[in-house]
Amino acid sequence: NLILTDVDDNQAISEFLSRLQNAVSQPILIKGVQIKTTISIGVSFFPGDASNAEDLLQCADSAVHQAKDIGRNSFQFFSSEQHRQILSRYQMGNDLQQALVNNEFELYYQPKVCAQNRKTLGAEALLRWKHPTLGFVSPAEFIPLAEDIGLIDKIGHFVLCEAARKGAEWFQQGIEVPIAINVSAKQILDRNIAHRIINELNHEGLPHRLFSIELTETSFLHCLEETQATISTLREAGIEVAIDDFGTGFSSLSYIRNMALDVLKIDRSFLINIDSSDVDRKIVASIIQMSQVMGLKVVAEGIETEVQFELLRELNCDLIQGYLLARPMPAAEFLDWYMNQQE
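If you're wondering where the values come from, they're calculated on a predicted model, not measured in any experiment.

Parameters at a glance
- Residues numbered from 1 in each chain as written.
- Predicted model: local features only at pLDDT ≥ 70, side-chain atom pairs only at ≥ 80, totals over all residues.
- Heavy atoms only, no water.
- Axes fitted to C-alpha atoms, helices over the stretch in contact; angles between N-to-C directions.
- Helix = DSSP H or I, 4+ residues; strand = E, 2+ residues; numbered from the N terminus.
- Parallel < 35°, antiparallel > 145°, perpendicular 65-115°, else oblique.
- Left-handed = near helix turned anticlockwise from the far one by under 90°.
- Contact = heavy atoms within 4.5 Å.
- Salt bridge = Lys/Arg side-chain N within 4 Å of Asp/Glu carboxyl O.
- Buried < 20%, exposed > 50% of the residue type's maximum accessible area, 1.4 Å probe, protein only.
- Expected span 1.5 Å × (residues − 1).
- Arc of directions from axis to C-beta.
- 1 Å grid on protein atoms, 1.4 Å probe; cavity = no way out; pocket = protein on both sides within 12 Å on 5 of 7 lines; lining within 4 Å.
- Points joined across faces, edges and corners; volume = space filled by probe spheres on them.
- Nonpolar A, V, L, I, M, F, W, Y, C, P; charged D, E, K, R; others polar.

Draft legend 1. Local environment of the packing of helix 7 (residues 193–204) against helix 8 (residues 224–236). Look at helix 7 against helix 8: their axes get within 9 Å of each other, and the N-to-C directions meet at 20°. Classified by the angle their axes make, helix 7 and helix 8 are roughly parallel. Crossing geometry of helix 7 relative to helix 8 is assigned as right-handed. Facing helix 7, whose interface residues are I193, A194, H195, I197 and I198, helix 8 presents T230, T233 and L234.

Now the structure itself:
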């Protein structure tokens, strides 16, 4: 810990900290090996940020975390608002762990509909978390947090087991609904993930042809060979593999070709303006044509208007998802909706 006295000018403190970081970062030679270190620094003020030594150190520690979040080898002054965000995130992480114990997670199902005849050909299982006091928490908020704190494997296992169980339950009733689940980039790095999926389907008695996984583009950026091996194992077992949110990452045709995928899902950011943007329409048309050449089925997600739907139908898109057709719904509600379609 470093204490500065008689200094209340932020500019002077910043200049001092910059000189300190520069001094620390100078390379040193240890047994012929050049070593370079960096430091992240958090700054708090007495009495503005805290009125006692213990609280002052906690504020400085909070500022250190803020500095690390924006990039190493930096310094940050304590911010009460950012501190509240850190505390909120910490509390949310604790709540996530309790959510698994307290069965607060549930799968909702969003239909995938044929673009040519509007017949439902499958569903995507989407995780929902109903917090006991906050209500429904957006997956965009809690999924990244689950990945950061190491809970994504346990949550992903819940999704796999629940989707397989529900699919098998419907299958035993004579109702065949192909179900897709999302698998994160971190999950796919588990060398045993393919066998875990296969074993779970076998345990529940769900035919492999009624199950698929969706991977984001970032899944291909790390450990390419291992990911390719996992995909091959799944496809050999009859499980479809899709690339999700296509176009939002560092798309590479060679990745897609080498992975030998089954399905490509166009990200909704390309679809929102296809009824008004000639450029977006041409991009979507090119993606669909490219996918057909590579033997991939194409799913368009986030469709909200009839105009969008008709344009995609004319472009020979295979499947459509979106609020125009149906929102994600609990399993029982989805089954009623699906059965009503069959009448």
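Draft legend 2. Region of the structure containing the pattern of salt bridges. In this structure the tally under the stated criterion is 17 salt bridges. Residue E214 is joined to K112 by a salt bridge in which the shortest nitrogen-to-oxygen separation is 2.9 Å. Residue E214 is located in strand 9 (residues 211–216), and its partner K112 is located in strand 5 (residues 105–114); the two are separated by 102 residues in the primary sequence. K112 carries the same exposure label as E214, and that label is buried. Taking the shortest distance from any N to any O, the salt bridge between R209 and E176 comes out at 2.9 Å. Residue R209 is found in the loop between helix 7 and strand 9, and its partner E176 is found in the loop between helix 5 (152–172) and strand 8 (179–183); the two are separated by 33 residues along the sequence.

Draft legend 3. Highlighting helix 12 (residues 331–342). Taking 1.5 Å as the rise per residue, helix 12 with 12 residues should run 16 Å; its terminal C-alpha atoms sit 17 Å apart, in good agreement. Along helix 12, the residues that are buried comprise A331, F334, L335 and Y338. Relative to the axis of helix 12, the buried residues are bounded by an arc of 100° and lie together on one face. Buried residues along helix 12 sit in contact with strand 5, strand 6 (120–131), helix 5 and strand 14 (329–330).

Draft legend 4. View of helix 1 (residues 10–24). Taking 1.5 Å per residue as the helical rise, helix 1 with its 15 residues ought to reach 21 Å, and the 21 Å between its terminal C-alpha atoms agrees with that figure. Along helix 1, the residues that are buried comprise I13, S14, L17 and Q21. End-on view of helix 1: buried residues confined to an arc of 100°, all on one side of the axis. Looking at the buried residues of helix 1, the elements they touch are strand 3 (41–43) and strand 4 (75–77).

Draft legend 5. The arrangement of unusual backbone geometry in detail. Here the amide bond leading from F46 into P47 is cis, since omega sits at 5°, within 30 degrees of zero. One can find P47 in the loop between strand 3 and helix 2 (53–70). Positive phi, normally seen in glycine, also occurs at N103, with a value near 55°. Relative to the assigned elements, N103 resides in the loop between helix 3 (80–101) and strand 5. Positive phi, normally seen in glycine, also occurs at R118, with a value near 65°. Topologically, R118 is positioned in the loop between strand 5 and strand 6.

Draft legend 6. Broad picture of the layout of surface pockets. Taken as a whole, the largest pocket holds about 980 Å³ of empty space. Among the elements of the structure, strand 5, strand 6, helix 4 (139–148), helix 5, strand 8, helix 6 (185–188), strand 9 and strand 10 (240–246) are those that each provide at least two residues to the lining of the largest pocket. Reported here for the second largest pocket is a volume of approximately 730 Å³. Lining the second largest pocket are 22 residues, with L2, I3, L4, S44 and L56 positioned closest to its centre. For the lining of the second largest pocket, the element with the highest residue contribution is helix 2, accounting for 6 residues. Residue composition of the lining of the second largest pocket, grouped by class: 16 nonpolar, 5 polar and 1 charged.

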